[in-house]
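Observations on the model geometry
Spelled out, the chains give:
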Amino acid sequence: MIRNLKRKLYFLFASSIMFVFTIVFFLLASENIETMQNAELNFVNRQATNLILLFENSTNYVENLEICEKKYDYIFRLFTEHDELLYESTNIKDAAETIDLFLEKLKSIESVVSNEASYSSYSTQSGTHTFRSVNDRPYYGILCSIYTNEGYLNLAIVKEKSGITAFSSTVMHYFLIWLIVLIAVLFVSVLIIRQAMKPTEKAMQSQKNFIAAVSHELKTPLAVLLSATDVIETSPGCTTDIKNHAALIETEVSRMARLIQDLLLLSSIDAGNWIFHKSKISADTLLINLYEKFEIVCHKKSIDLQIEMPEECFPPLFSDEDRLNQIISIFLDNAISYSPEQSSILLAASIKKNNLAISIIDHGIGISEEDKKHIFDRFYRCDKSRTKKGHYGLGLSVAKELVSLLDGKIYLSDTPGGGCTFTIAIPYGKSE
């Protein structure tokens, strides 16, 4: 129980911390990337302005453009106002097509060459436009109209827009910070949870030790009481009234003995001292013996107990026969206790996905949806009035613990027409 609680707390802390840190990480990373992209956009604009100033005072166009190509991976097209080509980059594949695509996009927004250019004496540059090339890559594009002594020149400047991979070092930097902080917080959380759980563990262990000690000490006096009732019932001169009282004492002592046996078993499981004795089991023989044993009990309560198994024999099952017997007995006893007279109970078995599936199907009072959530809790009983004295609410808890130790699973569902169906799936396993 404590281990399960610890696991849940660890998972809750880890999930919460990872969620918060992931959100913070993405917010910081996206903000930083956006800032870097804006800086890149401003840099392209400044470069365009610098080239305009340079070409206004120099005629060495080709050499300057080639330097920019090598240093900043730009692609250029320089042409006159009469569309005479002076220079075009060839440093990337489809450079000409990419520039054409930009100029076509620009034509739909503003004129490539201003009609007023020949009447003015100053240089201009368009805004920075974003477009996609034929291979779907994002690009920046700027068109500059440069006023020179020889007339107007048009310079198309295109640069590929940096993607997320260009900022991988920044992303990795944030990721490493996120990972280090996450590990540190998780480590501290584990220490805090362990310290916080120590008093609870100590209290739970003291409770388990107390229950185990008391249960063990009660075994002897209960055995003495049972022996005494036998002596009273068989003694000469014992009246019918005395025999009835002795029988009542024997019933209640036997009931208490079963409670103590369940408490000792659960204490042993909690302490991790439970040892299974696995061997090859004939599932057919086990189920038939249980059917014959409980058929007598069902007959006394006018309940029809049926058994359903495939015609071919089950393969040998490698498990603990005594514990399987105990598990199935708990479910059969539970079904009999909550089934009315003239009803039926079915004990069915089959093989499903390398598991022996055993179903106990009754047509009794059933289990409500609210009770299903707690049906395997210790000392929980659906009968809130406690009118049924045959059960203390430990049987299903014991069955669940034993099935879990056998690496099996329990499934609960409603029986069509009323009642409930418990299915126990026990893996066949391998002989050692």
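Scroll up a little and you will see the structure.
I will try to describe carefully the structure that is included in this document. For every chain, the first residue of the written sequence is number 1, and numbering continues from 1 along that sequence. Per-residue local features of the predicted model are confined to residues with pLDDT of at least 70, and side-chain atom pairs are confined, for both listing and counting, to 80 or more; whole-chain, interface and lining totals are unaffected and use all residues. Side-chain descriptors were evaluated using all non-hydrogen atoms of the structure, hydrogens and water having been removed beforehand.

Some remarks on the overall build of the protein
Working definition: helices are DSSP H or I runs of at least four residues, strands are E runs of at least two. Numbering for both runs from the N terminus. Of the regular secondary structure elements, the protein holds nine helices and 13 strands. Of all 432 residues assigned to the protein, the portion counted as buried reaches 37%. What makes two residues a contact is simply this: any of their non-hydrogen atoms within 4.5 Å. Counting only contacts in the protein whose residues sit at least 6 apart along the sequence, the fraction spanning at least 24 positions is 65%. In short, Shrake-Rupley with a 1.4 Å probe defines the accessible areas, and a residue's cover is counted only from the protein chains shown. In the structure as shown, the protein presents an accessible area of about 25,700 Å², 57% of it carried by carbon and sulfur atoms. Only protein chains enter the accessibility calculation, which uses a 1.4 Å probe; a residue is then buried when its area is under 20% of its type maximum, exposed when over 50%, and partly exposed in between.

Focus on helix α6 (residues 283–300)
Between the first and last residue of a helix there are one fewer steps than residues, each counted as 1.5 Å, and that sum is the expected span. In this model α6 runs 26 Å from its N-terminal to its C-terminal C-alpha over 18 residues, within 8% of the 26 Å that 1.5 Å per residue would give. To obtain the bend at a residue, axes are fitted to the seven residues ending there and to the seven starting there, and the angle between these axes is taken. The principal kink in α6, of about 30°, is found at F294. Of all the residues in α6, the buried ones are A283, D284, L286, L287, L290, Y291, F294 and C298. Check the buried side of α6 and you find it contacts β7 (279–281), β8 (304–308), α7 (321–337), β10 (344–352) and β11 (355–362). With its phi angle positive at about 60°, S302 sits one or two positions after the end of α6.

Some remarks on the environment of E69
Structurally, E69 can be placed in helix α2 (residues 61–72). For E69, a relative accessible area of 9% corresponds to the buried category. Separated by 20 residues in sequence, E69 and S89 place their C-alpha atoms 7.9 Å apart. Once residues lying within four places of it in the same chain are set aside, the contact partners of E69 are Y74, F76, Y87, S89 and N91. Identification of polar contacts relies on pairs of N or O atoms within 3.5 Å, with a donor-acceptor requirement for protein atoms, meaning one able to donate a hydrogen and the other able to accept it, and with residues adjacent in sequence counted only if both atoms are side-chain atoms. At a separation of 2.7 Å, a polar atom in the side chain of E69 contacts the side chain of Y87.

Quick word on the pairing of strand β5 (residues 138–148)
Most of β5 sits out of view: nine of its 11 residues are buried. When DSSP finds two or more bridges between a pair of strands, those strands are recorded as paired. Pairing of strand β3 (residues 124–125) with β5, which is carried by two bridges, proceeds in the antiparallel orientation. Bridging from a neighbouring strand, T124 pairs with S145 of β5. Sheet topology places strand β4 (residues 129–132) next to β5; four bridges connect them, and they run antiparallel. Each bridged residue has a counterpart across the sheet, and for F131 the counterpart in β5 is Y139. Once β4 ends, the chain turns through five residues before running back antiparallel as β5, passing D136 with a positive phi of about 65°.

Concerning the sheet that holds β10
The sheet built from five strands is open, its strands ordered β8-β10-β11-β13-β12 with mixed pairing. The sheet terminates laterally at β8 and β12 (409–414), the two strands that pair on one side only. Direction aside, neighbouring strands of the sheet carry axes that sit 15° apart on average. Looking at chain direction, β11 and strand β13 (residues 420–427) are connected through seven bridges and run antiparallel. Within β13, the residue paired with I360 across the bridge is F422. The axes are straight lines fitted to the C-alpha atoms, using for helices just the contacting stretch, and the angles between their N-to-C directions are given from 0 to 180°. Where helix α9 (residues 395–405) meets the sheet, its contacts fall on β12 and β13, and the angle it forms with β12 comes to roughly 135°.

Considerations on the nonpolar core
Of all hydrophobic cores here, the largest spans 46 residues; its most connected members are I327, I328, F331, I345, I360 and I424. Counting residues per element, the ones that place at least two in this core are α5 (240–270), α6, α7, β10, β11, α9 and β13. Here the element with the most residues in this core is α7; it accounts for eight residues. With 19 residues, the next largest nonpolar core counts F55, Y61, Y74 and L155 among its residues. Here, nonpolar core means buried Ala, Val, Leu, Ile, Met, Phe, Trp, Tyr and Cys residues that are tied together by side-chain atoms lying within 4.5 Å of each other.

A short note on the environment of L263
Locating L263 in the fold gives a position in helix α5. Looking at L263, the relative accessible area reads 16%, which means it is buried. Residues L263 and V398 lie 135 residues apart in sequence; the distance between their C-alpha atoms is 8.9 Å.

Notes on unusual backbone geometry
For residues besides glycine, phi is generally negative; the peptide bonds are generally trans as well. In the Ramachandran plot, S302 falls in the positive-phi region, its phi being about 60° despite a non-glycine side chain. Tracing the backbone through its elements, the reader meets S302 in the loop between α6 and β8. On the accessibility criterion, S302 (33% relative accessible area) is partly exposed. Here the phi dihedral of D407 falls at roughly 65°; this positive angle occurs in a residue that is not glycine. Along the chain, the position of D407 falls in the loop between α9 and β12.

Considerations on a nonpolar patch on the surface
Nonpolar side chains (Val, Leu, Ile, Met, Phe, Trp, Tyr) are joined into patches within 5 Å and like charges within 9 Å, using only residues with over 30% relative accessible area and no salt bridge. Salt bridges are counted wherever a side-chain nitrogen of Lys or Arg sits within 4 Å of a carboxyl oxygen of Asp or Glu. The grouping of F19, V20, I23, V24, L27 and L28 at the surface amounts to a nonpolar patch, some 550 Å² of accessible area in total. Mapped onto the secondary structure, L27 falls in helix α1 (residues 2–56). What makes L27 exposed here is its relative accessible area of 54%.

Here we look at the packing of α7 against α9
Two elements in contact, α7 and α9, have axes whose closest approach is 9 Å; the angle formed by their N-to-C orientations is 145°. Crossing geometry of α7 relative to α9 is assigned as left-handed. Residues R323, Q326, I327, I330, F331 and N334 of α7 lie in contact with α9, whose contacting residues are G395, L396, V398, A399, L402 and V403. When residue character is reported, Ala, Val, Leu, Ile, Met, Phe, Trp, Tyr, Cys and Pro are called nonpolar, Asp, Glu, Lys and Arg charged, and the others, Gly included, polar. Looking at side-chain class alone, the contact of α7 with α9 contains eight nonpolar, three polar and one charged residues. We call a crossing left-handed when the near helix sits turned anticlockwise from the far one by less than a right angle, and right-handed when that turn is clockwise.

Topic: the pattern of salt bridges
Across all of its chains, the model carries nine salt bridges by this definition. Its salt-bridge partner being E40, residue K159 comes within 3.8 Å of it at the nearest N-O pair. Of the two residues, K159 sits in strand β6 (residues 151–160) while E40 sits in helix α1, which places them 119 residues apart along the sequence. Overlapping salt bridges bring together R77, E88 and D100 as one network.

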